[in-house]
Amino acid sequence: MSKSNEIDAKEKGETKFPIAESHDLPPRSKWLRDYYFKGLEREWNNQIMSFTTGTDWDIVFHEGDYYINPEIHYYIQILGKNDRGVFASSYRSMAIPVGLTDNFWELSLPERRITFLEKVMLDYIPQEIISENDLIAGGRFNTQLSRCFNKDEAKEYWKKNIRNREAVFKYHKSGFGNLGAIPGHIIPDYKTVVKKGFKYIYEKAKKTYDNLTNEEKNGSKGEELRAIMISTEIPKKLAKKYAEECRRLKDEATSPENVERLEQMAKNLERVPWEPAETFWQGIQAVWLTHMLVMAEESYSGPGLSFGRIDQYLWDLYKKDVIEQELFTQEFAKDILGSFWFHCNTVYDAMIKVGNQGIISGFGQIITLSGCGPNGEDLTNELTYTMLEVIDSWYPSLEPKPNVRIHRNSPDKLLNILVDMIARSQGAPFILNFDERSIAGMVKEGILKEEAWNYGVVGCLENTMQGNDRSGTVNCNLNLTKSIELTLWNGKNMPGNDIVTKLGEQIGPEMGNVEDFQTWEEFYNAWKEQVKFMIRYTVDVNNLCEELRGDFIRTPYLSSIVRGCIEQGLDITNGGPELRFVTVEGVGFATTVDSLLSIKKLVYEDKKYTMAQIKDSIMNDFKRNEVMQTYLMNKAPKYGNDEDDADEFSKMVMETWAEECWRYKTPTNFQYRPGMLSWNYWAGADAGLTIATPNGRNKGSFLSNAICPTNGVDIKGPTAVTNSVGKVLGGKTESGEYINCLPNGASHTITFNPSIIKDPEHKEKFKAYLRGYIENGGTALQINMLDAEMLKDAQKHPENYKNLLVRVTGYNAYFTTIGRELQEEIIARESHRI
């Protein structure tokens with residue numbers, strides 16, 4: 001663009017660079033998308049509504065759900081130890097009192113919780129059909145609900161809550177990372193709801209309850225199962241209310257099309273989700289109503305609550321209605337999906353009153369598409385392609401977030417479509433999950449290979465099973481680089497970095513003064529002990545949160561659609577699911593590896609520097625030692641360049657911390673497991689609390705992102721990076737079997753220059769790169785097609801780039817809404833060419 005054209009563009013409020021826009025939307029879907037993006041100008045919204053029992057001791061906001069959000073810690077505690085915080089006091093003050101049944105306080109806690117949810121959803125939150133363009137019922141679901149404690153429960157809860165807050169905040173402010181037992185991040189058993197309906201689930205719960213002994217009926221099992229039975233009827237009652245609203249609107253409708261639409265919507269709601277879905281339209285309606293009730297019950301809208309392999313469990317209905325019987329057209333099916341897309345995006349209305357709540361505001365209602373079957377065969381179908389068309393035409397929009405599973409037998413047609421979609425976007429509208437490596441990780445955690453092929457994705461890219469698995473995929477986010485500080489200062493904070501600890505306080509184990517170590521082995525063994533301590537410390541603090549949740553937080557509705565809970569008579573928070581994990585996510589992996597490699601090379605092998613010199617430079621943030629900083633950054637091996645020695649060492653580091661996680665369980669019988677997803681911590685909260693590191697990084701500068709190399713060191717291109725990622729996850733056995741030491745998955749974000757897919761020849765090369773990633777890469781890949789100059793222009797003129805979506809780490813976000821430090825990190829990423 002010429003200089004004069006640039007000036008004209010700015011004056012007209014136009015972008016200097018083209019950005020992705022929605023396209024080819026049917027009129028109904030276009031109206032819904034445009035209406036959603038009117039934002040605060042909409043006459044309807046789904047902002048948070050809070051509800052209380054009306055007691056003096058009532059607790060509406062469970063702060064533990066947000067401990068993993070350092071950005072909002074300030075709003076949890078401002079004035080002191082017993083402070084209720086801004087969010088808790090505000091939600092409580094604006095909460096609507098709910099009329100309780102006469103025997104409410106005689107009921108058990110799970111029964112109180114579910115009757116309260118029922119009352120709110122049926123009698124207090126209005127049932128509305130958004131417009132004549134909407135084909136799916138289910139509008140308002142953003143809630144903050146009373147926890148329904150009696151006075152004694154509230155007192156005990158608050159006592160433990162204060163204990164937990166102190167422990168979690170100290171953990172975070174000391175630079176170890178962040179953690180907390182949080183909701184969401186699960187795939188409920190939507191398949192069973194679609195195929196069999198809640199009637200089947202009710203009968204299953206009733207049969208289990210009837211088989212209990214009298215003693216069990218009067219105990220916790222009986223309480224939980226009675227609550228679950230109540231919960232299974234709420235979707236039926238709510239659907240009936242929505243059906244009545246459809247019929248009321250039908251009586252006022254003036255066009256035959258609206259009359260027909262509203263009558264069919266009412267008929268759908270009279271059947272699902274109580275009975276099995278008979279049509280694709282009913283299937284989508286059943287999934288959405290079931291889904292929104294989970295968000296309402298958990299008072300946690302969107303983050304990680306995912307739909308699983310939706311193109312598989314709805315495929316039979318789509319095939320029958322659209323392909324075989326031609327009940328309706330593909331275009332109408334797209335409109336049904338468009339309504340689904342619209343409702344998924346309304347989770348963001350939760351920010352209207354409380355604003356952006358940090359990382360969880362990225363939400364992440366994942367749909368998993370494509371993937372292999374039990375024998376490696378491809379399961380891509382016409383519904384997969386239809387959903388990809390909807391994703392492409394709605395883009396840029398944030399929800400639902402698609403993850404596409406690809407594998408050795410993925411068809412060229414699928415890859416061609418994916419490459420074309422990437423070419424039209426800046427931050428790819430999907431994450432790619434790679435089946436062979438991912439399935440190997442699921443098998444490692446004990447899933448049978450005959451079942452592991454059917455995994456789904458939650459949150460960002462985290463691998464779990466569907467309908468029976470809560471894996472706490474983001475509960476613990478461990479700053480691995482803290483291990484370097486503890487090693488250098490013999491289990492203590494660096495002098496001057498004692499933010500919440502006493503000066504010179506012993507935190508980790510005493511392993512000796514590193515200045516006295518004569519060999520690399522001594523240093524490395526000391527580092528390993530500090531890492532083991534960090535994981536044990538993480539477990540100890542997180543277990544306080546898990547214990548509190550298990551004792552006091554009840555979600556019988558969600559428990560009804562997670563297999564194992566009914567059979568055991570246990571809530572999902574208390575050990576009910578068949579599969580139970582808590583994930584420790586490693587943050588700053590490459591920063592840690594490169595720091596260790598620098599010490600190994602420049603101190604112990606080349607003897608260029610002493611440990612005393614390294615420590616002194618770190619304490620002074622390299623201000624008097626720029627030459628040393630340059631050596632550390634450029635003269636030591638680095639992870640990410642397909643160099644066997646560096647990658648073998650990186651693999652050893654990975655195995656050290658990953659294997660340690662498996663040693664621990666929660667008090668509620670959840671197994672700890674390793675993963676690698678950094679969210680925004682590497683550029684924000686954790687980075688700001690991390691001292692300078694021996695790889696030449698300055699204090700407060702961003703850390704490495706998940707399993708990615710340190711920014712700027714991956715100088716040998718994307719194939720080299722890919723090979724390094726695959727090797728540190730375990731590579732392959734001699735017989736060619738994949739190994740994956742991170743069952744939860746590992747986030748790999750890579751940025752390409754848009755020129756690499758400018759023509760058919762380059763697209764074929766990029767497709768070949770994806771085929772190579774299947775063979776040699778990691779579990780998940782997210783792609784940015786970005787020009788750094790465009791991002792810099794967006795910083796200067798954000799008003800011109802409101803719809804610019806970028807990939808951050810495991811999620812996409814509007815570039816102009818994320819913090820400056822994240823923007824700078826994305827700009828600094830290496831832009832690769834092929």
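Given the structure is predicted, the values throughout are model-derived calculations rather than measurements. (Residues numbered from 1 in each chain as written. Predicted model: local features only at pLDDT ≥ 70, side-chain atom pairs only at ≥ 80, totals over all residues. Heavy atoms only, no water.)

Let's talk about the packing of helix α9 (residues 220–252) against helix α10 (residues 256–271)
Definition in use: Lines fitted to the C-alpha atoms define the axes, with helices restricted to the stretch that makes contact. Angles between their N-to-C directions range from 0 to 180 degrees. Comment: elements are numbered from the N terminus, with helices defined as DSSP H or I runs of at least four residues and strands as E runs of at least two. Working definition: roughly parallel below 35 degrees, roughly antiparallel above 145 degrees, roughly perpendicular at 65 to 115 degrees, and oblique for all remaining angles. Crossings are sorted by hand: turned counterclockwise from the far helix by less than a right angle, the near helix makes the crossing left-handed, and turned clockwise it makes it right-handed. Note on contacts: a residue pair is in contact if any heavy atoms of the two residues lie within 4.5 Å. The classification used treats Ala, Val, Leu, Ile, Met, Phe, Trp, Tyr, Cys and Pro as nonpolar, Asp, Glu, Lys and Arg as charged, and all other residues, Gly among them, as polar.
Packing of α9 against α10 brings their axes to within 8 Å, and their N-to-C directions diverge by 165 degrees. It follows that α9 is roughly antiparallel to α10 by the angle criterion. Pair α9 / α10 crosses with left-handed handedness. Here α9 contributes Ala239, Tyr242, Ala243, Cys246, Arg247, Leu249 and Lys250 to the contact with α10, which in turn contributes Val259, Leu262, Glu263, Met265, Ala266, Lys267, Leu269 and Glu270. Taken together, the residues of the contact of α9 with α10 break down into 10 nonpolar, no polar and 5 charged.

Thoughts on the domain arrangement of the protein chain
Where interface size is quoted, it is often the accessible area lost as the parts come together. Quick reminder of the rule: Where each domain begins and ends is defined by an automated method or by a domain database. Once two parts are joined, some of their accessible surface, as seen by a 1.4 Å probe, is lost; buried area is that loss totalled over both. Every case where a carboxyl oxygen of Asp or Glu lies within 4 Å of a side-chain nitrogen of Lys or Arg is listed as a salt bridge. We call two N or O atoms a polar contact when they sit within 3.5 Å, provided that within protein one can donate a hydrogen and the other can accept it, with sequence-adjacent residues counted only if both atoms are side-chain atoms.
Domain boundaries assigned for the protein chain yield domain 1 (1–43 + 329–458 + 720–739 + 746–834) and domain 2 (471–709). Every contact between the two is made by 29 residues of domain 1 and, on the other side, 31 residues of domain 2. Taken together, both faces of the contact between domain 1 and domain 2 bury some 2,400 Å²; the carbon and sulfur share is 66%. The interface formed by domain 1 and domain 2 contains 5 salt bridges. Between Lys727 and Asp644 there is a salt bridge, and its shortest N-O distance comes to 2.9 Å. Along the contact surface separating domain 1 from domain 2 lie 11 residue pairs in polar contact (both at pLDDT 80 or more). The set of elements that each furnish at least two residues to the side of domain 1 that touches domain 2 consists of α29 (718–728), β14 (747–752) and α32 (820–828).

Structural notes on the sheet that holds strand β3 (residues 143–145)
Inclusion rule: Any two strands are treated as partners once DSSP identifies two or more bridges connecting them.
The strand order across the open sheet formed by 3 strands is β2-β1-β3, and the pairing between neighbours is parallel. Strands with a single pairing partner mark the edges of an open sheet, and in this sheet they are β2 (96–97) and β3. Pairing of strand β1 (residues 49–52) with β3, which is carried by 3 bridges, proceeds in the parallel orientation. Residue pairing across strands places Phe51 opposite Leu145, the latter belonging to β3. This element, helix α5 (residues 109–124), spans β1, β2 and β3 of the sheet and lies at about 130 degrees to β1.

A closer look at unusual backbone geometry
Of the consecutive residues Val272 and Pro273, the connecting peptide bond is found in the cis state with omega at 5 degrees. At the junction of Glu399 and Pro400, the peptide bond is cis and its omega measures out at -15 degrees in the coordinates. Tracing the backbone through its elements, the reader meets Pro400 in the loop between α16 (382–394) and β6 (401–406). A positive phi angle, close to 50 degrees, is found at Ser299, a residue other than glycine. Assignment of secondary structure puts Ser299 in the loop between α11 (280–298) and α12 (310–313).

Let's talk about the side chain of Lys334
Locating Lys334 in the fold gives a position in helix α14 (residues 330–345). Every residue in contact with Lys334, bar those within four places of it in the chain, is listed here: Ser29, Thr386, Glu389 and Val390.

What to know about the pairing of β6
Threshold: With a 1.4 Å probe rolled over the protein chains alone, any residue whose accessible area is under 20% of its type maximum counts as buried; one over 50% counts as exposed, and the rest are partly exposed. When the strands point away from the viewer and the path from the first strand over the helix to the second turns clockwise, the crossover is right-handed.
Judged by how many residues are buried, β6 sits mostly within the fold: 6 of 6 residues are covered. One ladder, built from 5 bridges, connects strand β5 (residues 366–370) with β6; its direction is parallel. In the strand pairing of β6, Ser370 is matched with Arg405. Handedness of the crossover joining β5 and β6 through α16: right-handed. Bridge analysis of β6 against strand β7 (residues 431–434) gives 4 bridges, and the strand direction is parallel. By the bridge assignment for β7, Ile406 is matched with Phe434.

A word on the pairing of strand β15 (residues 780–785)
Counted residue by residue, β15 has 6 buried out of 6 residues, so it is predominantly covered. Looking at chain direction, β7 and β15 are connected through 2 bridges and run antiparallel. Bridge pairing in β15 places Asn433 opposite Ala780. For β14 and β15, the ladder comprises 6 bridges, and the chain directions are parallel. When the sheet's bridge partners are listed, His748 is paired in β15 with Leu781. Remark: the β14/helix α30 (residues 760–776)/β15 crossover connection has right-handed handedness.

Considering the pattern of salt bridges
Under the definition given, this model contains 60 salt bridges. For Arg405, the salt bridge identified is with Asp435, shortest N-O distance 2.7 Å. Of this pair, Arg405 sits in strand β6 while Asp435 sits in helix α18 (residues 435–444), placing them 30 residues apart in sequence. By relative accessible area, which is 0% here, Arg405 ends up buried. Given a relative accessible area of 0%, Asp435 falls into the buried group. The partner of Glu605 in a salt bridge is Lys600, with the nearest N and O atoms 2.7 Å apart.

Focus on the state of the cysteines
Short version of the rule: Any pair of cysteine sulfurs within 2.5 Å is marked as a disulfide.
As enumerated under the stated definition, the model contains 0 disulfides in all. Summary of cysteine pairing: Cys246 is not part of a disulfide, and the nearest cysteine sulfur, belonging to Cys344, is at 18 Å. Between Cys460, a cysteine without a disulfide, and Cys708, which holds the nearest cysteine sulfur, the sulfur-to-sulfur distance is 13 Å. The exposure class of Cys460 is buried, given its relative accessible area of 3%.

Considering the packing of helix α21 (residues 520–552) against helix α27 (residues 644–661)
Direction vectors running N to C along α21 and α27 enclose 35 degrees, while the axes themselves pass 9 Å from each other. Here α21 and α27 pass one another in a crossing that is right-handed. Side by side, α21 and α27 meet where Trp520, Tyr524, Trp527, Lys528, Val531, Lys532 and Ile535 of the first sit next to Phe649, Met652, Val653, Thr656, Trp657, Glu660 and Cys661 of the second. Along the lines of polarity and charge, the residues of the contact of α21 with α27 split into 10 nonpolar, 1 polar and 3 charged.

Observations regarding the side chain of Thr55
You can see Thr55 is positioned in the loop between β1 and α3 (73–76). Taking the relative accessible area as the measure of exposure, Thr55 reaches 11% and is therefore buried. Aside from chain neighbours lying at most four places away, what touches Thr55 is Arg92 and Trp105.

Section: the environment of Trp394
Within the secondary structure, Trp394 sits in helix α16. Assessed through its relative accessible area of 2%, Trp394 is described here as buried. Considered as a pair, Trp394 and Ser22 are 372 residues apart in the sequence and their alpha carbons are 5.1 Å apart. For Trp394, the residues in contact, after removing those within four places along its chain, are Ser22, Leu25, Ser29, Leu32, Arg33, Gly338, Trp341 and Phe342.

Details of a nonpolar patch on the surface
Defined as follows: Any residue with relative accessible area above 30% and no salt bridge may belong to a patch, with like charges joined within 9 Å and the nonpolar Val, Leu, Ile, Met, Phe, Trp and Tyr side chains within 5 Å. What sets the accessible areas is the Shrake-Rupley method with a 1.4 Å probe; for residues, cover comes only from the shown protein chains.
Residues Tyr74, Tyr75 and Val86 make up a contiguous nonpolar surface patch of about 280 Å² in total accessible area. You can see Tyr75 is positioned in helix α3.

A word on the packing of aromatic side chains
Where we set the bar: Only Phe, Tyr and Trp rings are paired, with Trp represented by its six-membered ring, and only when their centres lie within 6.5 Å; those with planes under 30 degrees apart are stacked, over 60 edge-to-face, the remainder tilted.
Summed over all chains, the structure comprises 49 aromatic pairs. When the ring of Phe434 is compared with that of Tyr773, the centres are 4.5 Å apart and the planes differ by 35 degrees; the resulting orientation is tilted. With Phe434 in strand β7 and Tyr773 in helix α30, this residue pair connects regions lying 339 residues apart in the sequence. There is no split in this pair, since Phe434 and Tyr773 are both buried.

Quick word on helix α17 (residues 412–424)
What counts, and what does not: Under the convention used throughout, the expected extent of a helix is 1.5 Å for every residue step, that is, one less than its residue count. Taking the helix axis as origin, the arc is that swept by the directions to the C-beta atoms.
Between its first and last C-alpha, α17 extends 18 Å over 13 residues, near the 18 Å set by a 1.5 Å rise per residue. Turning to α17, its buried residues number three or more, namely Leu414, Leu415, Leu418, Val419, Met421 and Ile422. Looking down the long axis of α17, one finds its buried residues gathered within 160 degrees of arc, a one-sided arrangement. Residues of α17 that are buried make contact with β5, α16, β6, β7, α30 and β15.

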